[in-house]
Amino acid sequence: MKNNLTNFDLSSKPITVIFLSFFFLLFVSCGSKKEVRFSGKTMGTTYHITVVTGYFSTTKNLKDQIGQRLEEINQSMSTFRNDSEISRFNAKQIASEKFKISDDFFNVMTVAKTVYELTDGAWDGTVKPLENLWGFGNSENKKRIPAQSEITALLPDIGFNNIEISPDHYLIKKKAPLSLDLASIAKGYGVDQVAALIRTHGIKNFLVEIGGEVFAAGFRKDGKHWKIGINKPQTGSPFDQVYKVVNLHDKGFATSGDYRNYFEVDGKRFSHILDPRNGYPVSNGVVSVSIVANTCTFADGLATAVMVLGHKKGLERINSMDRTECLIVVRTHDGKSVDYYSKGFKTYMTSLN
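Please read all numbers here as calculations on a predicted model, not as lab measurements. Here, residues in each chain are numbered from 1, in the same order as that chain's written sequence. At least 70 in pLDDT is required for a residue's local features to be given in this predicted model, at least 80 for side-chain atom pairs to be given and counted, and no such filter applies to totals for whole chains, interfaces and linings, which use all residues. Here the side-chain values reflect all heavy atoms present in the structure, with hydrogen atoms and water set aside.

Asker: Mind laying out the overall build of the chain, listing which residues take part and the relevant values?
Answerer: In DSSP terms, a helix is any run of H or I states spanning at least four residues, a strand is any run of E spanning at least two, and both are numbered starting from the N terminus. The number of helices and strands found in the chain is nine helices and 16 strands. Only protein chains enter the accessibility calculation, which uses a 1.4 Å probe; a residue is then buried when its area is under 20% of its type maximum, exposed when over 50%, and partly exposed in between. Looking at the chain residue by residue over its 353 residues, the buried ones come to 47%. Looking at the chain alone, contacts between residues at least 24 apart form 61% of all its contacts between residues at least 6 apart. Residue contacts are defined here by distance: any two heavy atoms, one from each residue, within 4.5 Å place the two residues in contact.

Asker: Any details on the nonpolar core? Residues and values, ideally.
Answerer: Side chains that are nonpolar tend, in soluble globular proteins, to be buried together. Counting residues in hydrophobic clusters, the biggest one holds 46 residues, and the most contacted among them are F105, M109, W123, L171, L180, L182 and I291. Tallying contributions element by element places helix 8 (residues 296–309) first for this core, with nine residues. To qualify as a nonpolar core, a set must consist of buried Ala, Val, Leu, Ile, Met, Phe, Trp, Tyr and Cys residues joined through side-chain atoms within 4.5 Å. Membership of the second largest hydrophobic core comes to 20 residues, among which are Y47, V51, V194 and C296.

Asker: Run through the confidence of the model for the chain, naming residues and quoting values.
Answerer: Residue-level confidence of the predictor is what pLDDT reports, using numbers from 0 through 100. For the chain, per-residue confidence averages 89 on the pLDDT scale, and residues scoring 70 or more make up 90% of the total. Here residues 1–30 is modelled with pLDDT under 50, and outside its nearest four sequence neighbours on either side it reaches five contacts, counting other chains as well.

Asker: Now, about the pattern of salt bridges: what can you tell me, with residues and values included?
Answerer: In the sections that follow, a salt bridge refers to a side-chain nitrogen of Lys or Arg positioned within 4 Å of a carboxyl oxygen of Asp or Glu. According to the stated counting rule, one finds 13 salt bridges in the structure shown. Residue R69 is joined to E72 by a salt bridge in which the shortest nitrogen-to-oxygen separation is 2.9 Å. Remark: E72 and R69 occur in helix 2 (residues 62–77); sequence separation between them is three residues, near one turn of the helix. Relative accessible area serves as the criterion here: at 15%, R69 is assigned to the buried category. Ionic pairing is found between E97 and K92, a salt bridge with its closest N-O pair at 2.5 Å. Judged by its relative accessible area of 30%, E97 is partly exposed. Here the residues in one salt-bridge network are R69, E72 and D104, joined through shared partners.

Asker: Could you give an account of the packing of helix 7 (residues 183–199) against helix 8, naming the residues involved and the relevant values?
Answerer: Closest axis-to-axis distance for the helix 7/helix 8 pair is 7 Å, and the angle between their directions is 160°. By the angle between their directions, the pair helix 7 and helix 8 is classed as roughly antiparallel. The element helix 7 and its partner helix 8 pack so that their crossing is right-handed. Facing helix 7, whose interface residues are S184, I185, A186, K187, G188, Y189, V191 and D192, helix 8 presents C296, T297, D300, G301 and T304. Each residue receives one of three labels: charged for Asp, Glu, Lys and Arg, nonpolar for Ala, Val, Leu, Ile, Met, Phe, Trp, Tyr, Cys and Pro, and polar for the others, Gly being one of them. Grouping the constituent residues of the contact of helix 7 with helix 8 by class yields five nonpolar, five polar and three charged. Comment: axis = line fitted to C-alpha atoms, over the contacting stretch for helices; angle = value between 0 and 180 degrees taken between N-to-C directions. Any angle that falls under 35 degrees is termed roughly parallel, while one over 145 is termed roughly antiparallel, one within 65 to 115 roughly perpendicular, and all others oblique. Crossings are sorted by hand: turned counterclockwise from the far helix by less than a right angle, the near helix makes the crossing left-handed, and turned clockwise it makes it right-handed.

Asker: Hey, could you go over the environment of S342 for me, with residue numbers and the actual values?
Answerer: For S342, the position within the fold is in the loop between strand 15 (337–341) and strand 16 (349–350). A residue is classified by how much of its surface remains accessible, and S342, at 4% relative accessible area, is buried. Taking C-alpha positions, S342 is 5.9 Å from L315, a pair spaced 27 residues apart along the chain. Here a polar contact is recorded for every N or O atom pair within 3.5 Å, except that within protein the pair must consist of a potential hydrogen donor and a potential acceptor, and residues adjacent in sequence are included only if both atoms are side-chain atoms. One polar contact links S342 to E325, side chain to side chain, over a distance of 2.5 Å.

This is how it looks when you write it as structure tokens:
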């Protein structure tokens, strides 16, 4: 049988190779990256995740792993679950007794202690009884103005410093009635933990958002920074109405506000943001605080703390911190909004387009 290879024109080989190489390079340059999106429900809210990967990379099972990780965090710190770690801790009515906690609970409590100390108690995870009294917690109380005597009766048992956090992962109540609610920092922790999980898959460019709290890593598919919109801090404003836009790159971001969860009596607004030092909703004019920090956990806790501190003390505190910035929006008596920026916040600002 005649070997057909002897009739093959070898002079055509280089041209074929060059053409195929050019085609492959063109294909890779145009489609070397892809975006994969996941979404779902967790912590009483929703999450949205975008990852940027190589065109041929797989994200198989990643969503299931994210869901499982968030479930673990929920089981640790959800006050809406009677069998969660935090609910079992709150149910203990014996002071000085050790309560063993998971790594997740310990990690959040460690950051919480830092925020508590940095803000002189403006953030305090033990305000749960006050939240319930005002009708903002998971009690059956309706939103109402409690009597001063009711507030005064609870204040002695408020104070994050009344919880001892031991290095070997134990919590100890110094006062038996004390209870915890970490809702104002746990979402940020969930964001950071999902970010850590995504990185284990070798993915460097992604955006994680849970209930408005964010961590942005690397870049978008087009090579630009991730853009995050701050909701307009006004009662009744749509959730997609943008007030300001920031560029984020390897940073956590969180916003706290008083314009969604509140009630009014005789024209006076009572916010769900409580000052743990006096037991009353904040009334300093601050309607929104946005924080940029290295982790979303830290940003989440600080956003609530600055709401309590007010814009003057809040700016002083943030400006004293490294790699942390804030935007504080204050509502004036005539209904106008005034923006106050930390020293470096404007370097993150950009346009919507």
